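# Structural overview for review
Chain residues, written in single-letter form:
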Amino acid sequence: MSALAKLDEKRDTLERGVFVLMFGQFEVAVDSIFQTARTRRLGEADWALRRGWDTGSLQGRKIPLETKLSLVLDRRSPTFGKILGTYATRNHCAHGGMELSVGSIDSLAAELYAWRSELRP
């Protein structure tokens, strides 16, 4: 393998690592907004506003990202599908997959900020 090919391979690995870390920070934001929404809803005296938020499946730390996301972002939003697609790529990379392209890190950063602005507690 040539030195240039080795450099390309290392760059690709580094980009995948950065991709996973950046998406991980987005997951932290989703979790934080979800926690805020859940705390607000659980504090409601009116059952109509509290309904569904006190279910056991929304307690604990093992709540799937898709569940959290569906409670802080409209599932019908085009963004919802884009986030889940990016999450699938993140999982692929985090588990050693090299087949899927991660694309531009700069574009990912812009998308993550835009997606974050759409989340609602």
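See the structure printed just above.
Residues numbered from 1 in each chain as written. Predicted model: local features only at pLDDT ≥ 70, side-chain atom pairs only at ≥ 80, totals over all residues. Heavy atoms only, no water.

## A short note on the pattern of salt bridges
Scanning the model with the defined rule gives seven salt bridges in all. Arginine 11 is the partner of aspartate 8 in a salt bridge, and the nearest nitrogen-oxygen pair spans 3.9 Å. Linking aspartate 8 with arginine 11, this pair stays in helix α1 (residues 3-42), spanning three residues, or about one helical turn. Residues joined in a network through salt bridges with shared partners are Asp8, Arg11 and Glu15. (Salt bridge = Lys/Arg side-chain N within 4 Å of Asp/Glu carboxyl O. Helix = DSSP H or I, 4+ residues; strand = E, 2+ residues; numbered from the N terminus.)

## With respect to the packing of aromatic side chains
Inspection of the entire model under this criterion finds four aromatic pairs. Ring plane angle 65 degrees and centroid distance 6.0 Å describe the contact between phenylalanine 26 and tryptophan 115, whose orientation is recorded as edge-to-face. A residue pair is termed long-range when its members are at least 10 positions apart, and phenylalanine 26 in helix α1 and tryptophan 115 in helix α5 (residues 105-118) qualify at 89 residues. Tryptophan 115 carries the same exposure label as phenylalanine 26, and that label is buried. Chaining the aromatic ring pairs together yields one cluster made of Phe23, Phe26, Tyr87 and Trp115. (Phe/Tyr/Trp six-rings, centres within 6.5 Å; stacked < 30°, edge-to-face > 60°. Buried < 20%, exposed > 50% of the residue type's maximum accessible area, 1.4 Å probe, protein only.)

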